Amino acid sequence: MSDNNPFGGPGGQYTTSVQYGGTERDRPKVTLGEAPAVDVIKDTTTAAFAADVIQESRRQPVLVDFWAPWCGPCKQLTPQLEKAVKAAGGKVKLVKMNIDDHPSIAGQLGIQSIPAVIAFKDGQPVDGFMGAVPESQIAEFIDKVGGKGPGGVPPVAEALAAAAEARDAGDMQTAADIYDSILEQAPETIEAIAGLGDLLFEAGDIDGAEALLAGAPEAKKDAPPLAALRAKMAIAAQAAALGNPAEFERRLAENPGDHQARFDLAMIQNAKGDRTAAADNLLAIIKADRTWNEDGAKTQLLQLFEAWGMTDEATLAARRKLSSLLFS
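Note that the coordinates shown come from a computational prediction; the quantities given were computed from them, not determined experimentally.

**A closer look at the pattern of salt bridges**
- Under the definition given, this model contains 16 salt bridges.
- Measuring nitrogen to oxygen at the nearest pair gives 2.6 Å for the salt bridge that ties Arg 167 to Asp 198. With Arg 167 in helix α5 (residues 155-168) and Asp 198 in helix α7 (residues 190-202), this pair connects stretches of sequence that are 31 residues apart.
- Judged by its relative accessible area of 23%, Arg 167 is partly exposed.

**Structural notes on the sheet that holds strand β1 (residues 41-43)**
- Strands sit in the order β1-β3-β2-β4-β5 across an open sheet of five strands; the sheet is mixed. The open sheet is flanked by β1 and β5 (124-130), the only strands paired with a single partner. Along the sheet, successive strands turn relative to each other by an average axial angle of 25°, direction set aside.
- Sheet topology note: the strand β4 (residues 116-121)/β5 ladder contains six bridges and is antiparallel. Bridge assignment links Ala 116 to a residue of β5, and that residue is Met 130.
- Here helix α4 (residues 135-146) sits on the sheet and contacts β2 (62-67), β4 and β5; the angle it forms with β5, its principal contact strand, is near 170°.

**Some thoughts on helix α10 (residues 245-254)**
- Taken together, the buried positions of α10 are Pro 245, Phe 248 and Leu 252. All buried residues of α10 lie within an arc of 60° about the axis, which places them on one face of the element. Away from its buried face, by an angle of more than 90 degrees, α10 presents the exposed residues Ala 253 and Glu 254.
- Against the buried residues of α10 lie α11 (259-271).

**Things to note about the confidence of the model for the protein chain**
- Here the protein chain averages 80 in pLDDT, while 85% of its residues score no lower than 70.
- Low confidence marks residues 1-38, where pLDDT is under 50. Its contacts with residues over four positions away, or in another chain, come to 72 contacts.
- pLDDT under 50 marks residues 149-153. Its contacts with residues more than four places away, or in other chains, come to eight contacts.

**Observations concerning the packing of aromatic side chains**
- This model, assessed by the stated rule, comprises four aromatic pairs.
- Arranged with centres 5.0 Å apart and planes meeting at 85°, the rings of Phe 129 and Phe 141 form a pair that is edge-to-face. Of this pair, Phe 129 sits in strand β5 while Phe 141 is found in helix α4, placing the two residues 12 residues apart along the sequence.
- A relative accessible area of 10% places Phe 129 in the buried class.
- A relative accessible area of 8% means that Phe 141 is categorised as buried.
- Centre to centre, the rings of Phe 305 and Trp 308 are 6.3 Å apart; their planes meet at 55°, and the pair counts as tilted. Pair noted here: Phe 305 and Trp 308 are both in helix α13 (residues 296-308), with a separation of three residues, about one helical turn.

Rules used throughout
Residues numbered from 1 in each chain as written. Predicted model: local features only at pLDDT ≥ 70, side-chain atom pairs only at ≥ 80, totals over all residues. Heavy atoms only, no water. Salt bridge = Lys/Arg side-chain N within 4 Å of Asp/Glu carboxyl O. Helix = DSSP H or I, 4+ residues; strand = E, 2+ residues; numbered from the N terminus. Buried < 20%, exposed > 50% of the residue type's maximum accessible area, 1.4 Å probe, protein only. Pairing = 2+ DSSP bridges. Axes fitted to C-alpha atoms, helices over the stretch in contact; angles between N-to-C directions. Contact = heavy atoms within 4.5 Å. Arc of directions from axis to C-beta. pLDDT = per-residue confidence, 0-100. Phe/Tyr/Trp six-rings, centres within 6.5 Å; stacked < 30°, edge-to-face > 60°.

Below, the structure written as structure tokens:
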């Protein structure tokens, strides 16, 4: 482990030997291959989705580009996606779906804005992003879901992985130190802003989290990681104003059809970290009465998905249950 790692912190056991703005060792230069002979890009339909995406993703990762002819950012993103997928030399496939002609799949996945790209592996959605992002982020995303090729991953990506490892191990201080070091070297790194902001928020420093969000680059203020943190903070504030969950549990015991009590209880459960219970209560409302509060339970559930993240286990499980309710 190197002492020259600018992303290192006191908990260096979680860091990797990386150095932003330079290298500790010479890394081989990578020449990306051309697209293989097989077609790695195709359009799909609702009827063909299972074969083109679900089944194919059991063989290799498949990216699904949800777009529409009227969507300006889609016209910017799709050519960049196609270029990056071809350059990836067969690590991933790209499947494009026009949501005007085929809206049901996007609805099942809870997609509310486009362009949206969802990565599938082993028949399941595992990652994704929304909006037109820079080519460099597309390449990083493909490396992430398709596996890194020769040359390794960029130093910032290694440092972000180290911060995530520290956090998963319960060492929040080390994770915060790594995020802080990343931002010293690369202050526009959205994932580090969101990661550090989330740690501050979880520690009760709401002002600090809000200051980080306010200082994000103007052009990236709506990036998905930052939007997720804002949604999480908004949901927590909403839940904090609701009061004692025992009151809503009492109301539900007396009247299981009290949807407002169930909704408010779900908000409190989410704020306390019980995501499964929160999702199940909102799903129960959706199942009982889609018209309640103008389908407010579904709207709130989709907001929770955004706050939790596309790949969170609770998101994936609840999204499958929502799809079963809506499209079974």
